[in-house]
Amino acid sequence: MSRICEVTGKKGMVGNRVSHSNRKKKVRLLPNLHSKNFFIPEENRWVHLRVSSQGLRTIDKKGIRAVAAELGI
């Protein structure tokens, strides 16, 4: 399963971990993903989404019905 937020589209990126002596090592910076179930009362069903913390805030702001309509669920 890919590590991509289903709401915002956030995915991992590559960066450098820099030590005190300025040595650089490659590191993967992954998004903060959560697997959540959301209930849509109009359709009387549950929707399972893998969302980032920013995606959760978007769902709180717009509502699950509007977000589901944007995603085509």
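Residues numbered from 1 in each chain as written. Predicted model: local features only at pLDDT ≥ 70, side-chain atom pairs only at ≥ 80, totals over all residues. Heavy atoms only, no water.

Visitor: Mind showing me how you'd approach unusual backbone geometry here?
Guide: Negative phi characterises most residues that are not glycine, and trans characterises most peptide bonds. One non-glycine residue with positive phi stands out, namely Asn22, at about 70°. Tracing the chain through its elements places Asn22 in the loop between strand E1 (13-18) and strand E2 (24-29). Assessed through its relative accessible area of 48%, Asn22 is described here as partly exposed. For Asn44, which is not a glycine, the phi torsion comes out positive at approximately 55°. Take Asn44: it is sitting in the loop between strand E3 (33-40) and strand E4 (45-52). Judged by relative accessible area, which is 59%, Asn44 ranks as exposed. (Helix = DSSP H or I, 4+ residues; strand = E, 2+ residues; numbered from the N terminus. Buried < 20%, exposed > 50% of the residue type's maximum accessible area, 1.4 Å probe, protein only.)

Visitor: Would you take a moment to explain helix H1 (residues 53-62) for this structure?
Guide: Along H1, the positions that sit buried rather than exposed are Gly55, Thr58 and Ile59. Mapping the buried residues of H1 onto a view down its axis gives an arc of 100°, with all of them on the same face. Summarising the geometry of H1, the exposed residues directed more than 90 degrees from the buried face are Arg57, Asp60 and Lys61. In the core, the buried residues of H1 are packed alongside E3, E4 and helix H2 (64-71). Following H1 by one or two positions, Gly63 adopts a phi angle in the positive range, close to 100°. (Arc of directions from axis to C-beta. Contact = heavy atoms within 4.5 Å.)

Visitor: Teacher, can you tell me more about the side chain of Ser52 here?
Guide: Relative to the helices and strands, Ser52 is located in strand E4. Overall, the relative accessible area of 2% leaves Ser52 in the buried class. When near neighbours in sequence (up to four residues on either side) are disregarded, Ser52 contacts Cys5, Thr8, Lys10, Asn32, Leu33 and His34.

Visitor: I keep staring at the nonpolar core and nothing clicks. Help me out?
Guide: Side chains of a nonpolar character, in soluble globular proteins, are inclined to be buried together. Grouped together as the largest cluster of nonpolar side chains are twelve residues: Cys5, Val7, Leu33, Phe38, Ile40, Val47, Leu49, Val51, Ile59, Ile64, Val67 and Ala68. Phe38 has contacts with Arg45, Trp46, Val47, Leu49, Leu56, Ile59 and Ile64, leaving out every residue within four places of it along the chain. (Core = buried A, V, L, I, M, F, W, Y, C linked by side-chain atoms within 4.5 Å.)

Visitor: Looking at this model, I keep getting lost on the side chain of Thr58. Mind explaining?
Guide: Structurally, Thr58 can be placed in helix H1. If we skip the residues at most four places from it in the chain, Thr58 touches Val7, Thr8, Gly63 and Val67.

Visitor: Explanation requested: the environment of Ile73 in the structure shown.
Guide: In this structure, Ile73 sits in the segment after H2. By relative accessible area, which is 37% here, Ile73 ends up partly exposed. Sequence separation between Ile73 and Val47 is 26 residues, and the spatial gap between their C-alpha atoms is 8.4 Å. Apart from the residues lying within four places of it in its own chain, the contact partners of Ile73 are Arg45, Val47, Leu49 and Ala68.

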